[in-house]
Amino acid sequence: MDKKLNFLFTNKQWKSLLLKVFLFGSGLLGLHFFNFSLSAIFIFCLLLLWFYFSQLPERGYSRISFLVLVLTAFFALRFFGTSFYLAFFSCLVFSFLFYLLLGLTAFIFKNRHSVYLFLNTGLFLAVFLLFFSVDKSKYFLFLNFLLFLIIYFLIKECFDFLRSAVQNSLFLIPNSQFIALVLAFLSLELFWAISLLPIGFINSAILLVLFVFLMRDFTLAYCSGRLNRRFLIYHSLIFVVLVILIFSTSKWSI
């Protein structure tokens, strides 16, 4: 009897989750179709409020990811959804990230730790693609300060979420706010440096994501006691291989 009830509960959770993901993707396409009119934006905002407040109380652990995902999807479609096919593909990608986000708060994933790290990396990639593609000569200070805040809050949320998800007394990040500030500052410095490379905005975004990924994972490994020789060799190989691929596929055009 308990198994049947659990199955029904899981089935309803999946139906509700898929419905929200479908409505989210449809809402993004609706914004693009109606050219971001005020009425379309208003209806989409109402949908977002329903999405957020219909989640479990644990939604507070991922509210930054929710906000960053929504705003990144909005501005990506607003300024770079030049064609229907590009807009449709963007909606699919953001809908998948939205599915991961809702699934985390609904506890449908067994390994929430890995799923959140994947979501966190995906959000960084989406944000960096957006920032590398804009004209940084306009509103230079504002854009850099905004990017710094986004990186800081995403890393801080990552530390807080994993601490609640792992439920291991050994997993403790001392002074997580300071570490998040340091990583955000280093990421911003790397953003400036990578912006000078003539490798294109896509490869630039992937390269910065790689650095943030390594800094975040090294911090998590050190705080959880997993920082050993095997970890260093494995991540160093990943770094070298991906950097070679990034530079070898770059057009090196100014």
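Residues numbered from 1 in each chain as written. Predicted model: local features only at pLDDT ≥ 70, side-chain atom pairs only at ≥ 80, totals over all residues. Heavy atoms only, no water.

Enquirer: Talk me through the overall build of the protein; I want residue IDs and the actual numbers.
Expert: Counting its regular elements, the protein contains nine helices and zero strands. Each helix and strand of the protein, ordered N terminal to C terminal, gives the series α-α-α-α-α-α-α-α-α. Relative to its 254 residues, the protein shows a buried fraction of 42%. Excluding contacts between residues fewer than 6 apart, the proportion of contacts in the protein whose partners are at least 24 apart in sequence is 70%. Of the accessible surface of the protein, which amounts to about 14,900 Å², a share of 72% is contributed by carbon and sulfur atoms. (Helix = DSSP H or I, 4+ residues; strand = E, 2+ residues; numbered from the N terminus. Buried < 20%, exposed > 50% of the residue type's maximum accessible area, 1.4 Å probe, protein only. Contact = heavy atoms within 4.5 Å. Areas by Shrake-Rupley, 256 points an atom, 1.4 Å probe, with all protein chains shown as cover.)

Enquirer: Describe the packing of aromatic side chains, listing the residues and the values that go with them.
Expert: In the structure shown here, the tally under the stated rule is 23 aromatic pairs. Between F74 and F75, the aromatic rings sit 5.4 Å apart at their centres with planes inclined by 90°, giving edge-to-face as the arrangement. According to the relative accessible area criterion, F74 is buried, its value standing at 17%. Through successive ring pairs, a cluster of aromatic residues spans F24, F44, W50, F51, Y52, F53, F66 and F98. Directly above the ring of W50 sits K20, whose terminal nitrogen or CZ lies 5.7 Å from the centroid. Geometry around F79 places R78 over its ring, the cationic atom sitting 5.6 Å from the centre. (Phe/Tyr/Trp six-rings, centres within 6.5 Å; stacked < 30°, edge-to-face > 60°. Lys NZ or Arg CZ within 6 Å of the ring centre and 35° of its normal.)

Enquirer: Run through the confidence of the model for the protein, naming residues and quoting values.
Expert: Averaged over every residue, the pLDDT of the protein is 85; the share at 70 or more is 89%. In this model residues 1-11 is a low-confidence stretch, pLDDT under 50, and it forms zero contacts with partners more than four residues away in sequence or in other chains. (pLDDT = per-residue confidence, 0-100.)

Enquirer: Provide a residue-level description of helix α9 (residues 229-248), including the pertinent values.
Expert: Two residues of an α-helix separated by three or four positions point the same way, owing to the 3.6 residues in each turn. In this model, α9 (20 residues) spans 28 Å end to end at C-alpha, consistent with the 28 Å of a helix rising 1.5 Å per residue. The complete set of buried residues in α9 reads F231, H235, V243 and I246. The arc enclosing the buried residues of α9, seen along the axis, measures out at 80°, which places them on a common side. Among the exposed residues of α9, those oriented more than 90 degrees off its buried face are R229, R230, Y234, L237, I244 and S248. (Expected span 1.5 Å × (residues − 1). Arc of directions from axis to C-beta.)

Enquirer: Can you tell me about the environment of R163, naming the residues and giving the values?
Expert: Looking at the secondary structure, you find R163 in helix α6 (residues 140-166). Between the C-alpha atom of R163 and that of H113, which follows or precedes it by 50 residues, the distance is 9.4 Å.

Enquirer: Go over the side chain of T105 with me, naming the residues and quoting the values.
Expert: Within the element layout of this structure, T105 appears in helix α4 (residues 84-105). A polar contact of 2.9 Å, which involves the side chain of T105, links it to the backbone oxygen of L102. (Polar contact = N/O pair within 3.5 Å; in protein donor to acceptor, adjacent residues only side chain to side chain.)

Enquirer: So what about unusual backbone geometry? Which residues, and what values?
Expert: For residues that are not glycine, phi is negative in most cases, and the peptide bond is trans in most cases. Phi is positive for N35, which is not a glycine, with a value near 55°. Looking at the secondary structure, you find N35 in the loop between α1 (2-33) and α2 (38-53). Of note, F36 is a non-glycine position whose phi angle comes to about 55°, a positive value. Note that F36 resides in the loop between α1 and α2. Judged by relative accessible area, which is 11%, F36 ranks as buried.

Enquirer: Give me the lowdown on the pattern of salt bridges, citing residues and values where you can.
Expert: A complete count under the given rule lists two salt bridges for this structure. A salt bridge links D160 to K156; the shortest N-O distance between them is 2.7 Å. With D160 and K156 both in helix α6, this residue pair falls four residues apart, about one helical turn. The salt bridge partner of R216 is D217, with a shortest N-O separation of 3.1 Å. (Salt bridge = Lys/Arg side-chain N within 4 Å of Asp/Glu carboxyl O.)

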